[in-house]
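Residues per chain, in single letters:
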Amino acid sequence: ELRRPGQRRVPPPAIAATTNYSTAIGGVVVIPFHISGQYTATTASVVKFAVPFKCRLVGVGATARASGGTTPTLTVDLKDDTVSTLSAAISITAGTYSEGTIANAVVADESVMTVDFTITGTSPTWNDITIFITAVRE
């Protein structure tokens, strides 16, 4: 590495687990859903929407503000026309953000996307759940 005297060394860029797209692309879209309130049982299609453009999923994650009960568990699954887009539903721990592994990234124009919650435990409660879907328009 050649540097001029007094010039500081610039470290190489970090390698990210998720591809970082340039802001110049302009097609990166973050679709957030905040579901206020308390959930106590498995619920299908908590979120349902049609994607208005063809895209490729690059990130899906979720968090919950709080949980209660005895050993409450929550998994969040994102489905494209009833088929999961993830390798496995995202297991949530209250107060932390968890990212899923995408298995089926290509989403067709006007695909119907749904989010399902699977809740187990004794008297489980999950409060204020937020889901982030990151996609690149194609």
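Structure shown above.
To start, this report covers the structure provided alongside it. (Residues numbered from 1 in each chain as written. Predicted model: local features only at pLDDT ≥ 70, side-chain atom pairs only at ≥ 80, totals over all residues. Heavy atoms only, no water.)

## A short note on the overall build of the chain
Turning to step 1, where the next piece is worked out: Tallying secondary structure elements over the chain gives 0 helices and 8 strands in all.
Turning to step 2, where the next piece is worked out: Ordered by position from the N terminus, the helices and strands of the chain form the series β-β-β-β-β-β-β-β.
Turning to step 3, where the next piece is worked out: Among the 138 residues that make up the chain, the fraction classed as buried is 36%.
Turning to step 4, where the next piece is worked out: Of the contacts formed within the chain by residues at least 6 apart in sequence, a portion of 81% connects residues at least 24 apart.
Turning to step 5, where the next piece is worked out: Accessible surface computed for the chain: about 8,100 Å², of which carbon and sulfur atoms make up 54%. (Helix = DSSP H or I, 4+ residues; strand = E, 2+ residues; numbered from the N terminus. Buried < 20%, exposed > 50% of the residue type's maximum accessible area, 1.4 Å probe, protein only. Contact = heavy atoms within 4.5 Å. Areas by Shrake-Rupley, 256 points an atom, 1.4 Å probe, with all protein chains shown as cover.)

## Concerning the nonpolar core
Turning to step 1, where the next piece is worked out: Core analysis: the largest hydrophobic core is formed by 28 residues, its most contacted members being Phe49, Leu74, Val76, Ile92, Phe117, Ile131 and Ile133.
Turning to step 2, where the next piece is worked out: Elements with a contribution of two residues or more to this core: strand E1 (28-39), strand E2 (43-50), strand E3 (55-80), strand E5 (90-92) and strand E8 (112-137).
Turning to step 3, where the next piece is worked out: Of all the elements, E8 adds the most residues to this core, at 9 residues.
Turning to step 4, where the next piece is worked out: Discounting chain neighbours no more than four positions away, the residues touching Val76 are Ala62, Leu86, Ala89, Ile90, Ile92, Val115, Asp116, Phe117 and Ile131. (Core = buried A, V, L, I, M, F, W, Y, C linked by side-chain atoms within 4.5 Å.)

## Comments concerning the side chain of Thr125
Turning to step 1, where the next piece is worked out: Checked against the element boundaries, Thr125 lands in strand E8.
Turning to step 2, where the next piece is worked out: Beyond its immediate chain neighbours, meaning those up to four positions away, Thr125 contacts Gln38, Tyr39, Thr40, Ala66, Ser67, Gly68 and Gly69.

Any functional reading would require information beyond the geometric quantities listed.
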